[in-house]
Amino acid sequence: MNGKLLAVIFLSLLLLAAVFQNRYDSTISYFSDRSTFVSLPSGKALKILSFGYQNLTADLLFIWSIQFYSTYYLTNRFDYLERVYNTITDITPQYKEPYIIGALIMVFEAKDIPMAIRLLDKGSRNIEKEWFFDHEAGYYCYKYLKDYSRAEAYYARAASKPNAPSFLKRMKAHMVYLQDDPKVAYQMWLDIYNNARDRLEKDSAFNHLYQIKAEIDLPVLQQEIAGFKENFRRFPATLAELVRTGIAKAIPRDFSGNDYQYDPLQGAIKAQRVFKWKQR
Amino acid sequence: MKTLEITNLKKSFRSNFLIKKYHILKGIDISVEQGEIYGFLGPNGAGKTTTIKCIMGLLFPNEGEILVNGQPSASIAARRQIGFLPENPYFYDYLSASELLHFSASLFAIPATVARERIDLLIKQVGLEGHEHLKLRKFSKGMTQRLGMAQALIQDPVCLILDEPFSGLDPIGRKEFRDLILNLKGQGKTIFFSSHILQDMEMMVDKVGIIINGRISRQGQLSEMIASSTQYHEIVCSRISEKQLTKINPNFVSHDNQFIITLDNEADINLVVESIIHNNGLVIAVNPVKKTLEDIFLKELREV
Amino acid sequence: MNIKGLAFNTFKESARNKMFYLLVFFGIIFALSSKLISFLTLGDTIKVLKDTGLAAINFFCVLIAIFTGINLVYKEIEKKTIFNILSKPVTRDHFIIGKFFGLALTMLVALIAMAGIFFILVLLVGGGFDFKILLYFFMLYLELLIIVAISLLFSSFSTPILSFIFTVSLYLIGHIMWTFNEFKSLLRSPLLEKFTHMLYYILPNLDKFNIKNEVVLDLPMRTGTILFSILYALVYIMALLTVTIMIFRKREFL
């Protein structure tokens, strides 16, 4: 048997093996038939088993998870989602990306907000100086869970971290506002307004303050107008009448210092500008 | 002070976990004077290489003492004075001859300039001219042997210990080595070597030591040994019948058309020659035959 | 001094060994492939590039350390080239120390080659020059010297296969030693605890040289930990060489 014949035989055998491998692959579905995850060791175990290559192990696991969770035809791929990201973050707790990406996947793909928040909490615990995790958690509480008191707590924590950007304080104040506590919110915004470091902050605070003041003032004024109507069977001609008749002690102005707009015919009072901050 | 003095050297090995001990050397006494060539002779497994390794500190004796110029042979001071050539030497095959010799020189802390001169001289002396830059993995056995000799001489030692220095050499090589060793003796060096090739030994050595089964069977000056061994005579004759010859002297063998009679006693020569002539035979030659080293050696073997 | 001669000769031997070049080559290839892997991640790609590159260099350097070390003394004894050395005025101690320094030089060259390529790669992707990576390579070098000393120890009395198994085992154990302290408290018997405690100090603790995490994530390190790591390495290496010399002094060559 000469050399060339042997080479041909070798290549054909290799090809045949490849064909069989291919047929084998089509009979099983790797992720549903094989428990990729049951055999995934815990984070602590992997940390030990990586024998000094922890970072690489975490990286590879993370890369794999990104690819895996983008594979849309695997409909049950979220079954072990939390476990996978817990493992990655156990191996190298100081690595930021897995917390963030993991939370993103949990919120937008798996649609499990509490799971995401748990992961972000873990990140905040492990990387104490990082404000981003608390900001994300606060945002998800606000936007999806509509749990404003929790959101407020997160934003408060986020704002307290070093190098926290200024908008976090504003978010916190807004959360307070959303909890229907306008007076406290007003104080917070005033604080922000007075300590504003740039134009943007000041303007933003101004708008909030304007709106909140209006929301505080207008109902009171409306009540006073209604009271006047009950007593005098007509709407007051001007707001000053309310003071003269002793119904109101003083007429508040809006945050800009302008008068509120009063329509004596309708008895309606409104602010010059309305900021639609209240989005329930 | 003797150059090499071995007193009551004993060495045994234990085979791994077995209790059994193998006694290789059972009490060796060897002495070599300065300027002597000492031939160390013995059958395979007698303990030649073991003895030499004990001298060089590669094995540790169980009992006994080995001194080189009064110092323990395995000490650093002694090793400075010794040039060693092991049996079947092997060197770093990734080096060239010149590189190996430079490396050897560095182990003696010989300065580079001195080393270079010395190495050029040695290469010529051992007959490796032209091959000094060839990588050692390309060397033949004979070339390796020559290089071994060169590295043994690198520091111009006063004493040479050589284990089977003639192995791997063709007859020309053997002659060159013989001449080299005799030359070194002429420079006043002491040479101790072991060998199987008795003819070469016979031509060179002053003293002989025969080791059999771990003991020195016989040691002494070669000339004395040979002189003390009985010579015999051979008478070559022809034109005589076997029957007739048997009557004269039965000690003969036939060879071609001739007979060779062996006579131990010198005095019998005349009688035998006369008897042959008397029988109308032809006396071709009367030869005196000295016993060779081989004869001495084989005799020792038989007596053990 | 003949230690220098021995060391350089050992280095020459390794440098002319094909296996050595193969491993250095693969080390460089894998370090460069870290660029490919970094494409697959989201977020900090430079971190992944550094991780993979450092892990590749680490892995291949360890392989080089083990493979060149385990053969070193064994080959000399097998091929009987050791006769030519020990018959010269070279003590057995010098022989071992010379071998060690030769290996140290070999490792240094291998590491510099791979580290150089790595630094260039990091600079090309815009990672800048990080002093901490240099510190990592220095710590890695200390770890490699310990591994080299271990493989030299086994090579002085054992066959290459056994030496390989023992050295690799000690390397792996060395990287999980930090768990011993934790597990110790889980053991019920105080005798076992004492035993484990003793093992903890006798066996090599190698994870202290693994500062990849701190380097790549730019975490703070205390000078105390670095200092004690260096001292530990120096002392442990000397201890290993001492044991090797003790064994080697008694060695006979049949």
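These numbers come from a predicted model, not from an experiment. (Residues numbered from 1 in each chain as written. Chains lettered and ligands numbered in written order. Predicted model: local features only at pLDDT ≥ 70, side-chain atom pairs only at ≥ 80, totals over all residues.)

Further remarks concern the overall build of chain A. What chain A contains, in helices and strands, is 13 helices and 2 strands. The C-alpha atoms of chain A give a radius of gyration of 31 Å, which is well past the 19 Å a tight globule of 280 residues would have. Overall, chain A is about 120 × 35 × 30 Å in size when its C-alpha atoms are taken along their principal axes. By residue count, 32% of the 280 residues in chain A fall in the buried class. Intrachain contacts of chain A at a sequence separation of at least 6 include 49% that bridge at least 24 residues. (Helix = DSSP H or I, 4+ residues; strand = E, 2+ residues; numbered from the N terminus. Rg over C-alpha atoms; globule rule 2.2 N^0.38 Å. Buried ≥ 20, exposed ≤ 12 C-beta atoms within 10 Å, placed from the backbone. Contact = placed C-beta atoms within 7 Å.)

Right, let's talk about the overall build of chain B for a bit. Counting its regular elements, chain B contains 11 helices and 14 strands. On the principal axes, the C-alpha backbone points of chain B span a range of 80 × 50 × 40 Å. Considering only intrachain contacts with a sequence separation of at least 6, the fraction spanning at least 24 residues in chain B is 69%.

Domain boundaries assigned for chain B yield domain 1 (4–227) and domain 2 (231–291). Put simply, the middle of domain 1 of chain B and the middle of domain 2 of chain B, counted by C-alpha atoms, are 45 Å apart. (Domains from an automatic or database assignment.)

Turning to the sheet that holds strand S11 (residues 232–238) of chain B, a few remarks are in order. All names here are of chain B. The antiparallel open sheet is built from 4 strands, whose spatial order is S12-S13-S11-S14. Where the open sheet ends on each side, the last strands, each with one partner, are strand S12 (252–255) and strand S14 (282–289). Direction aside, the axes of adjacent strands within the sheet are offset by 20° on average. Bridge count between S11 and strand S13 (residues 258–263): 5 bridges; the pairing is antiparallel. Its bridge partner being in S13, Ile-235 is matched across the sheet by Ile-261. (Pairing = 2+ DSSP bridges. Axes fitted to C-alpha atoms, helices over the stretch in contact; angles between N-to-C directions.)

Let us look at unusual backbone geometry. All names here are of chain A. The backbone phi angle of Lys-111 is positive, close to 55°, even though this residue is not glycine. Note on placement: Lys-111 falls in the loop between helix H6 (96–109) and helix H7 (113–126). For Lys-111, a count of 11 C-beta atoms within 10 Å gives the class exposed. At Arg-233, a position not held by glycine, the phi torsion is positive, near 55°. Within the fold, Arg-233 resides in the loop between helix H12 (199–232) and helix H13 (240–244).

Time to look at the pairing of strand S2 (residues 21–32) of chain B. Residue and element names in this part refer to chain B. Where strand S1 (residues 4–14) lies against S2, 9 bridges are found, and the strand directions are antiparallel. The residue bridging Leu-9 from the neighbouring strand is Ile-28, located in S2. Linkage of S1 to S2, two consecutive antiparallel strands, is achieved through a turn of 6 residues, within which Asn-16 is found at a positive phi near 40°.

Bringing the interface of chain C and chain A into the picture now. Counting from both sides, the interface comprises 20 residues of chain C and, opposite them, 16 residues of chain A. Of all the secondary structure elements, the ones that give two or more residues to the side of chain C that touches chain A are helix H3 (45–79), helix H7 (160–176) and helix H10 (212–216) of chain C. Looking at the side of chain C that touches chain A, the element that brings in the most residues is H3 of chain C, giving 4 residues. Residues that form the side of chain C that touches chain A fall into these classes: 9 nonpolar, 7 polar and 4 charged. (Nonpolar A, V, L, I, M, F, W, Y, C, P; charged D, E, K, R; others polar.)

To continue, consider the arrangement of the chains. The pair of protein chains exhibiting the most contacts, out of 2 pairs of chains in contact, is chains B and C. Separated throughout, chain A and chain B approach each other most closely at a C-alpha pair spaced 31 Å apart.

In this structure, Leu-13 of chain A sits in helix H1 (residues 3–27). Along the sequence, Leu-13 of chain A and Lys-229 of chain A sit 216 residues apart, while their C-alpha atoms lie 100 Å from each other.

What follows deals with the sheet that holds S2 of chain B. Residues and elements named next belong to chain B. Spatially, S2-S1-S4-S5 is the arrangement adopted by the 4 strands of the open sheet, whose pairing is antiparallel. A strand with exactly one partner marks an edge of an open sheet, and here the two such strands are S2 and strand S5 (71–72). Sheet analysis places strand S4 (residues 63–68) next to S5, joined by 2 bridges and oriented antiparallel. Looking at S5, one finds that Leu-67 is bridged to Pro-72.

On to the interface of chain B and chain C, then. Taken together, the contact pairs 22 residues of chain B with 20 residues of chain C. In terms of residue count, helix H3 (residues 97–107) of chain B provides more of the side of chain B that touches chain C than any other element does, 4 residues in total. For the side of chain B that touches chain C, the per-class residue count stands at 15 nonpolar, 4 polar and 3 charged.

Turning next to the nonpolar core. Core analysis: the largest hydrophobic core is formed by 171 residues, its most contacted members being Ile-161 of chain B together with Cys-61, Met-107 and Val-148 of chain C. For this core, the element with the most residues is helix H6 (residues 131–155) of chain C, which contributes 15 residues. If we ignore the near neighbours within four places in the chain, the residues touching Cys-61 of chain C are Gly-27, Met-107, Ala-110, Leu-111, Met-114, Leu-140 and Leu-144 of chain C. (Core = buried A, V, L, I, M, F, W, Y, C linked by C-beta atoms within 7 Å.)

The periodicity of an α-helix, 3.6 residues per turn, causes residues three or four positions apart to be oriented the same way. Taking burial as the measure, the 11 residues of H3 of chain B include 8 buried ones, the bulk of the element. Within H3 of chain B, burial applies to Ala-97, Leu-100, Leu-101, Phe-103, Ser-104, Ala-105, Ser-106 and Leu-107 of chain B. Tucked inside the fold, the buried residues of H3 of chain B contact helix H4 (112–126) and helix H5 (141–152) of chain B together with helix H1 (2–15) and helix H4 (82–86) of chain C. Just beyond H3 of chain B, the residue with positive phi is Ala-109 of chain B, at close to 55°.

A few words on the confidence of the model for chain B. On average, chain B scores 89 in pLDDT, and the residues at 70 or more come to 99%. Among the scores for the predicted complex, ipTM is 0.82 and pTM is 0.78. (pLDDT = per-residue confidence, 0-100.)

Residues and elements named next belong to chain A. If you check helix H11 (residues 182–194), its first and last C-alpha atoms are 18 Å apart, about what 13 residues at 1.5 Å a residue would give, namely 18 Å. Burial in H11 covers these residues: Ala-185, Tyr-186, Met-188, Trp-189 and Ile-192. Each buried residue of H11 lies within a common arc of 165° when the element is viewed along its axis, so the set occupies one face. Opposite its buried face, H11 presents the exposed residues Lys-183, Val-184 and Asn-194, each directed more than 90 degrees away. Tucked inside the fold, the buried residues of H11 contact helix H10 (167–178) and H12. (Expected span 1.5 Å × (residues − 1). Arc of directions from axis to C-beta.)

Residue and element names in this part refer to chain B. Inspection of the secondary structure puts Gly-142 in helix H5. Residue class for Gly-142 comes out partly exposed when judged on the 17 C-beta atoms lying within 10 Å of it. C-alpha of Gly-142 to C-alpha of Ser-167: the two residues are 25 residues apart in sequence and 8.1 Å apart in space. Apart from residues no more than four positions distant in its own chain, Gly-142 is found in contact with Gly-168, Leu-169, Asp-170 and Gly-173.

Before going further, it helps to spend a moment on the pairing of S11 of chain B. Judged from the 7 bridges that link them, S11 of chain B and S14 of chain B form a sheet pairing that is antiparallel. Residue Ser-238 of chain B lies in a different strand from S14 of chain B, and its bridge partner there is Leu-282 of chain B.

What follows deals with the packing of H3 of chain C against H6 of chain C. Residues and elements named next belong to chain C. For the pair H3 and H6, the least separation of the axes is 8 Å and the interaxial angle reads 25°. With respect to each other, H3 and H6 are oriented roughly parallel. Two packed elements cross with a definite hand, and for H3 against H6 that hand is right-handed. Contacts between H3 and H6 pair Leu-54, Asn-58, Cys-61, Val-62, Ala-65, Ile-66, Gly-69, Ile-70, Asn-71, Leu-72, Val-73 and Tyr-74 from the former with Tyr-136, Leu-140, Leu-144, Ile-147, Val-148, Ser-151, Leu-152, Phe-154 and Ser-155 from the latter. The class makeup of the residues in the contact of H3 with H6 is 16 nonpolar, 5 polar and no charged. (Parallel < 35°, antiparallel > 145°, perpendicular 65-115°, else oblique. Left-handed = near helix turned anticlockwise from the far one by under 90°.)

The packing of two helices is summarised by the inter-axis angle and the distance between the axes. All names here are of chain B. For the pair H3 and H4, the least separation of the axes is 10 Å and the interaxial angle reads 130°. Here H3 lies oblique to H4, going by the angle between them. Viewed along their axes, H3 and H4 form a crossing whose handedness is right-handed. From H3, Ser-98, Leu-101, His-102 and Ala-105 reach across to H4, where they touch Ala-115, Ile-119 and Leu-122. Of the residues assigned to the contact of H3 with H4, the class counts are 5 nonpolar, 2 polar and no charged.

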